[in-house]
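# Notes for the structure review
These are the residues of each chain, in order.
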Amino acid sequence: MTTLYIVATPIGNLKDITLRALEVLGGVDLILCEDTRVTSKLLNRYQINTQLVSYHQHSKIRKVDYILNFLRQGKNLALVSDAGTPGISDPGNQLIKEILAKIPQTEITAVPGPSAVIAAASISGLPTDRFFFMGFPPAKKRRKKFLESIVNSKYSVVFYESPHRIIKTLKELKELSPKSEMVVCRELTKKFETVHRGTIEETFKILEGQKPRGEFVIIVNNKVGQK
Ligand code: SAM
């Protein structure tokens, strides 16, 4: 039986890798990654020499056939993304679907570890017994609906945002619900990690004058005090 390991990798700090992830990455026949330059840094750090092949959700059918042939030959593969857990706003799901459709006996095994959504939720101090994860807000179509669903949610909502759009998104959220609680997590586990907590209008005020850089996860809660 062949195995595709879905391996979580650090979201910044290269020390955030599990012993099992290192063992698996060093032991498989091939590692599928988004960007070979990014994953090479991690592999070099831990002296892992496994061959890398780039894979993303829009990879050509030829690439998928190449991966399927590898599995048919009885080889084991690992899938990683640039950072965090594959399949969480990252490539993975489509490949797993295709593999299971064509080689259903393949074992799909999780090698869990960091994910920005969980890291942010865990330090938020907001209710997270139940929460929604909404990925990235859309740029145009259905954007308004997306933002409204954040401020109308009865559970905490976690979402990702790029540095180019964070101010615009915070501004629009502030107009919808200035008093909702918000935690803005930037560059988690990295040198310039920053966490801002307050109402949406307070956090917007802090960030509006800055030129945002880095990676962001945002958490909003409209009913603090409830689970
Ligand atoms: N699969 C990844 C995971 O499990 O964390 C997420 C991939 S998604 C394409 C990338 C987004 O995750 C970034 O744009 C940012 O919103 C968030 N992110 C990743 N690393 C982060 C970090 N160190 N600090 C804050 N946000 C981060």
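The numbers attached to residues start from 1 for each chain and follow its sequence in the written order. Note on the predicted model: pLDDT of at least 70 is required for a residue's local features to be given, and 80 or more for side-chain atom pairs to be given and counted; whole-chain, interface and lining totals, by contrast, use all residues. Each side-chain value is worked out from all heavy atoms of the structure, with water and hydrogens disregarded.

The next subject is the sheet that holds strand E10 (residues 216-221). Should DSSP find at least two bridges between two strands, the strands are taken to pair. Helix and strand definitions here come from DSSP, where helices need a minimum of 4 consecutive H or I residues and strands a minimum of 2 consecutive E residues; each element is numbered from the N-terminal end. What the five strands build is an open sheet, ordered E6-E7-E10-E8-E9; its pairing is mixed. Either end of the sheet is taken by a strand with one partner, and the two such strands are strand E6 (131-133) and strand E9 (194-199). Each adjacent strand pair in this sheet contributes to an overall mean axis angle of 15 degrees, direction not counted. Where strand E7 (residues 156-161) meets E10, five bridges bridge the pair, whose relative direction is antiparallel. Bridge pairing links Glu-161 to Phe-216 in E10. Note on geometry: axes are lines fitted to C-alpha atoms, helical ones only across the stretch in contact, with angles between N-to-C directions running from 0 to 180 degrees.

In this section: the sheet that holds strand E5 (residues 107-111). Strands sit in the order E3-E2-E4-E1-E5 across an open sheet of five strands; the sheet is parallel. A single partner strand is all that each edge strand has here, and the edge strands are strand E3 (52-54) and E5. Strand-to-strand, the axes of this sheet are offset by a mean angle of 25 degrees, without reference to chain direction. Pairing geometry for strand E2 (residues 30-33) and E3, over three bridges, is parallel. If you follow Ile-31 over to E3, its bridge partner there is Leu-52. Throughout, a residue-residue contact means that at least one pair of heavy atoms, one from each residue, lies within 4.5 Å. Where helix H1 (residues 19-27) meets the sheet, it contacts strand E1 (3-7), E2, strand E4 (77-79) and E5, and its direction lies at approximately 140 degrees from that of E5.

Any residue with a heavy atom positioned within 4 Å of a molecule or strand is treated as near that molecule or strand. In the vicinity of the ligand, 18 residues are found, and the nearest of them are Ile-88, Asp-90, Ser-115, Ala-116 and Phe-216. Between the ligand and Ile-11, the relevant distance is 2.8 Å, taken from a nitrogen atom to a main-chain nitrogen or oxygen of the residue. A distance of 3.3 Å separates an oxygen atom of the ligand from a polar atom in the side chain of Tyr-160. Per-residue accessibility takes into account occlusion by the displayed protein chains alone, with areas from the Shrake-Rupley method and a 1.4 Å probe. Protein chains bury 91% of the 570 Å² of accessible surface belonging to the ligand in isolation. Because more than half of its atoms lie within 2 Å of the grid, the ligand is assigned to the largest pocket. When residues of the shell around the ligand are traced back to their parent elements, those giving at least two are E7 and E10. Put simply, Ala, Val, Leu, Ile, Met, Phe, Trp, Tyr, Cys and Pro go in the nonpolar bin, Asp, Glu, Lys and Arg in the charged bin, and everything else, Gly too, in the polar bin. Taken together, the residues of the shell around the ligand break down into nine nonpolar, four polar and five charged. Marked domain ranges trace back to an automatic or database domain assignment. When residues of the shell around the ligand are assigned to domains, at least three map to each of domain 1 (3-111) and domain 2 (116-221). Counted as a polar contact is a pair of N or O atoms within 3.5 Å, where, for protein atoms, one must be capable of donating a hydrogen and the other of accepting one, and residues adjacent in sequence contribute only when both atoms are in side chains. The rule is simple: put a 1 Å grid over the protein atoms alone, call a set of points where a 1.4 Å probe fits but cannot get out a cavity, call an open set with protein on both sides within 12 Å along at least five of seven lines a pocket, and count a residue as lining if it has an atom within 4 Å of a point. Put plainly, a molecule is in a cavity or pocket when over half of its atoms are within 2 Å of the grid points there.

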